[in-house]
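# Observations on the model geometry
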Amino acid sequence: MRFSVNIPNFGDFADPRTVAKVAAAAEEAGWDGLFVWDHVLHRRHQGRPFGDPWMLLTAAALATSRIRLGTLVTPVARRRPQQLARQVATLDVLSGGRVTFGTGLGGPVEDEYASFGDTTDPKVLAERLDEGLELLERYWSGQPVSHEGRHYQARDVTLLPATEQRPRPPVWVAGFWPNRPPMRRAARWDGAVPLFTDAKHGHVPPIDQVRDLVTYVRKQREDRSDTPFDIVLGGATPGDDAAKTRDLIGPLAEAGATWWDERQIQTNEGLDRLPPVLRRIEQGPPEGP
């Protein structure tokens, strides 16, 4: 099991210098990754400054040399794939091939889409996500791309540089379990980042639901069972109680989780504040099973 730190892209973490500090501390303390949120608007947290996630991750890349870097999650459906492809490829080259691309429909959809006059139809957003992911993969190759789709077009374009990682950075797909479509989408890529209606952000997911999810995803990947695939779970663990932490995440690892993403409880006042996050980072990652 590998271990990452998860921070929002608002509040204290809207400042790239703060994110660079967090990234350097995480690397020094032995964590394996840093993932940031990708919101342009979240009315629950309005009044706070928001930072562009790719600028924040650029600062993190310049402050580190080892840890994985990425978003959890980027809503492809509200991006232009060509611009997003350029941002991800630039970061992947800068970081020496350390980007993991996390994606999903994003939300809240009323905030992120409707506030800017965009559709909130989940079917349309899912179509954009799937078509956008296909285009991203092709753009990241550095090869000529022509595409005539329902939502996007490209006419003999080549985007350089290609990504450092070949054939592309790992793609993780998020979605709420027990909804099947997002996990079927995830099974076509490199990892699943399930969220659970019974475990809000920061809370440890129920082990029985994790087992059901892993079984479902593995069945979807029966024809690719020999290729690596990540199951990314997250929550808040007590950094000062190693035994309790092992009791929390040990069964999740046994059920098939490959990453633990350390998060703040979303309703906590410290969600977007540096001191509590830095304190947990400096305590170090949980001990693996």
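In case you missed it, the structure is sitting above this.
The sections below set out a description of the structure shown in this document. (Residues numbered from 1 in each chain as written. Predicted model: local features only at pLDDT ≥ 70, side-chain atom pairs only at ≥ 80, totals over all residues. Heavy atoms only, no water.)

## What about helix 7 (residues 207-220)?
For helix 7, spanning 14 residues, the distance from its first C-alpha to its last is 20 Å, which sits close to the expected 20 Å at 1.5 Å a residue. Taken together, the buried positions of helix 7 are occupied by Gln209, Val210, Leu213, Val214, Tyr216 and Val217. The buried residues of helix 7 occupy one face: seen down the axis, they fall within an arc of 165 degrees. Exposed and facing more than 90 degrees away from the buried side of helix 7 are Thr215, Arg218 and Lys219. (Helix = DSSP H or I, 4+ residues; strand = E, 2+ residues; numbered from the N terminus. Expected span 1.5 Å × (residues − 1). Buried < 20%, exposed > 50% of the residue type's maximum accessible area, 1.4 Å probe, protein only. Arc of directions from axis to C-beta.)

## Overview of the packing of helix 1 (residues 16-29) against helix 9 (residues 274-283)
At their nearest, the axes of helix 1 and helix 9 sit 9 Å apart, and the two run at 15 degrees to each other. Our classification of the angle between helix 1 and helix 9 gives roughly parallel. At the point where helix 1 passes helix 9, the crossing takes the right-handed sense. The segment helix 1 lies against helix 9, with Thr18, Lys21, Val22, Ala25, Ala26 and Ala29 engaging Leu274, Leu278, Ile281 and Glu282. The residue inventory of the contact of helix 1 with helix 9, partitioned by class, reads seven nonpolar, one polar and two charged. (Axes fitted to C-alpha atoms, helices over the stretch in contact; angles between N-to-C directions. Parallel < 35°, antiparallel > 145°, perpendicular 65-115°, else oblique. Left-handed = near helix turned anticlockwise from the far one by under 90°. Contact = heavy atoms within 4.5 Å. Nonpolar A, V, L, I, M, F, W, Y, C, P; charged D, E, K, R; others polar.)

## Quick word on the pairing of strand 6 (residues 153-157)
Bridge count between strand 5 (residues 145-148) and strand 6: three bridges; the pairing is antiparallel. Along strand 6, the bridge assignment pairs Val145 with Val157. Linking two consecutive strands that pair antiparallel, namely strand 5 and strand 6, is a turn of four residues. (Pairing = 2+ DSSP bridges.)

## Let's talk about empty space enclosed by the protein
If you walk through the whole model with that rule in mind, you get two cavities of 30 Å³ or more. Its volume calculated, the largest cavity comes out at about 60 Å³. Taken together, Val5, Asn6, Trp31, Glu262, Arg263, Gln264, Val277, Arg280 and Ile281 form the lining of the largest cavity. Elements supplying a minimum of two residues to the lining of the largest cavity: strand 1 (2-7) and helix 9. Take the lining of the largest cavity: its biggest share by element is three residues, from helix 9. A breakdown of the residues in the lining of the largest cavity according to their chemical character gives four nonpolar, two polar and three charged. When its volume is computed, the second largest cavity comes out at roughly 30 Å³. Ala85, Arg86, Ala89, Tyr139, Trp140, Leu159, Leu160 and Pro161 are the residues that line the second largest cavity. Listed by contribution, the elements that provide at least two residues to the lining of the second largest cavity are helix 3 (81-94) and helix 5 (122-140). The element that contributes the greatest number of residues to the lining of the second largest cavity is helix 3, accounting for three residues. Among the residues making up the lining of the second largest cavity, the classes are represented as seven nonpolar, no polar and one charged. (1 Å grid on protein atoms, 1.4 Å probe; cavity = no way out; pocket = protein on both sides within 12 Å on 5 of 7 lines; lining within 4 Å. Points joined across faces, edges and corners; volume = space filled by probe spheres on them.)

## A closer look at the packing of aromatic side chains
Throughout the structure, instances matching the rule amount to eight aromatic pairs. Relative to Trp140, the ring of Phe101 has its centre 5.7 Å away and its plane inclined at 80 degrees; by these criteria the two rings are edge-to-face. Here Phe101, found in strand 4 (residues 99-104), pairs with Trp140, found in helix 5; they are 39 residues apart in sequence, far enough to count as distant. A residue is classified by how much of its surface remains accessible, and Phe101, at 0% relative accessible area, is buried. Here the aromatic rings of Trp177 and Tyr216 are separated by 5.6 Å at their centres, their planes lie at 50 degrees, and the arrangement is tilted. (Phe/Tyr/Trp six-rings, centres within 6.5 Å; stacked < 30°, edge-to-face > 60°.)

## Observations regarding the sheet that holds strand 7 (residues 171-177)
Here eight strands make up a closed barrel; going around it, the order is 1-2-3-4-7-8-9-10 and the pairing parallel. Strand-to-strand twist in this sheet, taken as the mean axis angle between neighbours without regard to direction, amounts to 25 degrees. Examined bridge by bridge, strand 1 and strand 2 (residues 33-36) share four bridges and lie parallel to one another. Paired with Val5 across the two strands is Leu34, which belongs to strand 2. Contacts from helix 2 (residues 53-62) reach strand 2, strand 3 (68-75) and strand 4, with the element oriented near 175 degrees to strand 3. Across the sheet, helix 6 (residues 180-187) lies against strand 7 and strand 8 (191-196), angled at about 165 degrees from strand 7, the strand it touches most.

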